[in-house]
Amino acid sequence: MTPLTLTATTDRPSRAKRTAWIPTLVMAIGALYCLIPVAWVVMASTKNRSELFSTFTMSPGSGFMDNVSQLSSYRDGIYWQWMGNSAFYAGAGALLSAAVSAAGGYALGRFAFRGREFVFKLILAGVLVPGIVLAVPQYLLMSKMGLADSYWSMLLPSILSPYGVYLVRIYASAAVPAELLEAARMDGASEWRIFSRIAVPMMMPGLVTVFLFQFVGIWNNFLLPYVMLADDTKFPITLGLYTLMAQGASQPALYTLVITGCLLAVIPLIALFLVIQRFWSLDLLSGSVKA
Amino acid sequence: MTTTPLEGSGRLTAGPLADGATSPVRPRRPRRRGRSAPYWFLVPTLTLFAAFTVVPIGYAIWLSLHKVQVKGAGLGRGARAEVWNGIGNYADVFENSEFGHSILRAFGYGLIVIPTMLGLALVFALMLDTPLVRGASFTRLAIFLPYAVPGIIAAVMWGFLYLPDVSPFYYVLRELGLPQPDLFDGGNLYLSLANIAVWGGTGFNMIVIYTALRAIPQEIYEAAKIDGASNLKIALRIKIPIVMPSLVLTFFFSVIATLQVFTEPKTLRTLTNGVSNSWSPLLAIYDSAFGRSDIYGASATAVVLAGATFLLSFTLLRISDRFTREDKA
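What counts and how
Residues numbered from 1 in each chain as written. Chains lettered and ligands numbered in written order. Predicted model: local features only at pLDDT ≥ 70, side-chain atom pairs only at ≥ 80, totals over all residues. Heavy atoms only, no water. Axes fitted to C-alpha atoms, helices over the stretch in contact; angles between N-to-C directions. Helix = DSSP H or I, 4+ residues; strand = E, 2+ residues; numbered from the N terminus. Left-handed = near helix turned anticlockwise from the far one by under 90°. Contact = heavy atoms within 4.5 Å. Nonpolar A, V, L, I, M, F, W, Y, C, P; charged D, E, K, R; others polar. Patch = residues over 30% accessible without salt bridge, like charges linked within 9 Å, V, L, I, M, F, W, Y side chains within 5 Å. Areas by Shrake-Rupley, 256 points an atom, 1.4 Å probe, with all protein chains shown as cover. Salt bridge = Lys/Arg side-chain N within 4 Å of Asp/Glu carboxyl O. Polar contact = N/O pair within 3.5 Å; in protein donor to acceptor, adjacent residues only side chain to side chain. Parallel < 35°, antiparallel > 145°, perpendicular 65-115°, else oblique. Buried area = accessible area lost by both parts, 1.4 Å probe. Buried < 20%, exposed > 50% of the residue type's maximum accessible area, 1.4 Å probe, protein only. Core = buried A, V, L, I, M, F, W, Y, C linked by side-chain atoms within 4.5 Å.

(A) Representation of the packing of helix α1 (residues 21-44) of chain A against helix α5 (residues 136-144) of chain B. As a packed pair, α1(A) and α5(B) sit with axes 8 Å apart at the nearest point and diverge in direction by 35°. Considering the relative orientation of α1(A) and α5(B), their crossing is left-handed. Residue-level inspection shows A:Met27, A:Ala28, A:Gly30, A:Ala31, A:Cys34 and A:Leu35 of α1(A) in contact with α5(B), the latter providing B:Phe138, B:Thr139, B:Arg140, B:Ala142 and B:Ile143. Residues that form the contact of α1(A) with α5(B) fall into these classes: 8 nonpolar, 2 polar and 1 charged.

(B) Focus on a nonpolar patch on the surface. Together, A:Phe56, B:Tyr171, B:Val172, B:Leu176 and B:Leu178 make up a nonpolar patch on the protein surface, roughly 430 Å² of accessible area in all. Tracing the backbone shows B:Leu176 in helix α7 (residues 168-176).

(C) Region of interest: the environment of B:Pro181. Residue and element names in this part refer to chain B. In this structure, Pro-181 sits in the loop between α7 and α8 (186-214). Along the primary structure Pro-181 and Tyr-170 are separated by 11 residues, whereas in three dimensions their C-alpha atoms are 8.8 Å apart. Apart from the residues lying within four places of it in its own chain, the contact partners of Pro-181 are Tyr-170, Leu-173 and Asn-188.

(D) Spotlight on the side chain of A:Asn85. All names here are of chain A. Inspection of the secondary structure puts Asn-85 in helix α4 (residues 78-110). A distance of 2.9 Å separates the side chain of Asn-85 from the backbone oxygen of Phe-235, its partner in a polar contact. Sequence-distant contacts of Asn-85, defined by excluding residues within four places in its chain, comprise Tyr-151, Thr-233, Lys-234, Phe-235 and Pro-236.

(E) The arrangement of the packing of helix α6 (residues 131-144) of chain A against helix α2 (residues 37-64) of chain B in detail. Put simply, α6(A) and α2(B) touch, their axes get as near as 8 Å, and they point 95° apart. Relative to α2(B), the element α6(A) is oriented roughly perpendicular. Residue-level contacts link A:Val133, A:Leu134, A:Pro137, A:Gln138, A:Leu140, A:Leu141, A:Met142 and A:Lys144 of α6(A) to B:Phe52, B:Thr53, B:Val55, B:Pro56, B:Ile57, B:Tyr59, B:Ala60 and B:Leu63 of α2(B). Along the lines of polarity and charge, the residues of the contact of α6(A) with α2(B) split into 13 nonpolar, 2 polar and 1 charged.

(F) View of the interface of chain B and chain A. Opposite the 114 residues of chain B that make contact, chain A presents 124 residues. Interface of chain B and chain A: buried area, both sides summed, is about 11000 Å²; carbon and sulfur atoms make up 75% of it. Among the residues chain B hides against chain A, the three largest losses belong to B:Phe41, B:Leu132 and B:Tyr147. Together they make up 7% of the total. In terms of residue count, the dominant contributor to the side of chain B that touches chain A is α2(B) (18 residues).

(G) Focus on the pattern of salt bridges. Residue and element names in this part refer to chain A. Tallied over the entire structure, the rule returns 8 salt bridges over all chains. A salt bridge links Arg-169 to Glu-117; the shortest N-O distance between them is 3.5 Å. One end of the pair, Arg-169, is in helix α8 (residues 162-175); the other, Glu-117, is in helix α5 (residues 116-125), with 52 residues separating them in the sequence. Since its relative accessible area comes to 28%, Glu-117 is described here as partly exposed. With a shortest N-O distance of 3.1 Å, Asp-231 and Lys-234 are connected by a salt bridge.

(H) Geometry of the nonpolar core. Ranked by internal contacts, the top residues of the largest apolar core, which has 190 residues, are A:Tyr79, A:Tyr106, A:Phe195, A:Met203, B:Phe160 and B:Met206. Those residues within four positions of B:Met206 in sequence are excluded, and the remaining contacts are A:Met27, B:Ala121, B:Phe124, B:Ala125, B:Leu128, B:Arg140 and B:Ile143.

(I) Representation of the environment of B:Tyr109 within the structure. Residues and elements named next belong to chain B. Positionally, Tyr-109 belongs in helix α4 (residues 97-128). Along the sequence, Tyr-109 and Leu-282 sit 173 residues apart, while their C-alpha atoms lie 14 Å from each other. Setting aside its immediate chain neighbours within four residues, Tyr-109 contacts Tyr-190, Leu-193, Ala-194, Ala-197, Thr-258, Val-261 and Trp-279.

Function cannot be inferred from these measures alone, as they are strictly geometric.
If you want it as structure tokens, here you go:
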């Protein structure tokens, strides 16, 4: 296995021309199953309040633009504030995460030093700690520092990514030749300069992957904001939609907003996803993680 | 679903580690300059690890061994003091049937989710790996797509699809005159929740297994074909044994994910009273910490859950290690 090739896997040359029908059918059924909820949410978001509960669920309604404008004006556009917050948490968090992973993974992958394996295993063991085991004391500690319910309380715990460190470690040891580092040292370059000018550019595809995984991970996170945040202007989109949904239990009129909100919230991620999967190596993925 | 290869957890790591990390640098002559460099590069990682993992765990353990003692009427400064409670909270955890039940529910839920999800992922990966499949890149993408959908949104979408008034499934059942089951009802709730997890996780696991399949040299199939093996035989006798380490790995992470299910039952709770406040272990812990403000008891429960996760993880890793070693021999 070569987990570091970033080229798309090419299709195998076909000998015979006939189609393998059973596998094709099985895959098509699988695709249908995965697309049904998406198709439903697309359809449902076009329905106005009365249509949602009265017309056939898979037929289009007449209220899409209305739903979008109602969603946009709901509580002075708090929905877009939630989207903005998510973009900020995920963007800034993933950027910092890639930077920290770059330094940490490079150190673990390209240096021999005392305690290297211990540090590595310790960080990986962090993966096993259930989220809530950390979230409850993290919240209490944040409160003590007066940071609970702040942007920091969301951002800071999202930066360290054990997977990111792990990925960069693999990437650094495979993609950054030791000879090159040695040569740079001979030339008298400082370690920081070697890292920033030589190693980081060479590790860039790996760092992009770390960024993307962490971006998706933070964007999709629910538990952390649910525990940390109380002020709904700081909510990310996941928590915002949850509160909207919870209110819908008493005001079903909000359901159309929730549905439209879900659709709009998924679009950026799916778009990101379609763009990146073109160069996103499947091989790298398997050596990696869904956070 | 969380998936990352741990060291020794599977052969997925064998490639990169073998040519890199396990023999990272040729032994260098000790030099004074730059010897502290790796430590400096690790400072941000270790600082964050200490601040957001080690300290919280330590604090949780500390809390789990204490309780609040209220003096007098419980009013005013110093009326509430944290006092040592020893293993008292832990004793409560094991007596508290709510948490025990949530573990049992998670077990039942996992029993549905894990075989279904990994079975489907394996079947899809094998199908994808068959030559001459039409539209493979589209269907692969479609099955992987739910990975990009946040758990909360997946739960909202499926939640609506489980509601008789808006669901196309109920529409079809009504039209056909078939009975309409309550998908939020006790036993069905397991299936409903499991379905959300299967929907969200199958594609990712499919990709992991498929990647392992792609790494198998084509010559093996050529040889098997010459020996007269059918596609099915090749799948059963060659492909599945070869991807077994990936399956073990995905199994390992599915188990951990099962113990940590939170978002989906929490979201379905907004649609039905059928999901209790302590349906899953994490919901139970959340409820006791923030719902009932018993952070001491919640911490003890969390520590027990973390301990159980570690124990389970190491057991699984040991089994899989032995398994893959036999596999190699």
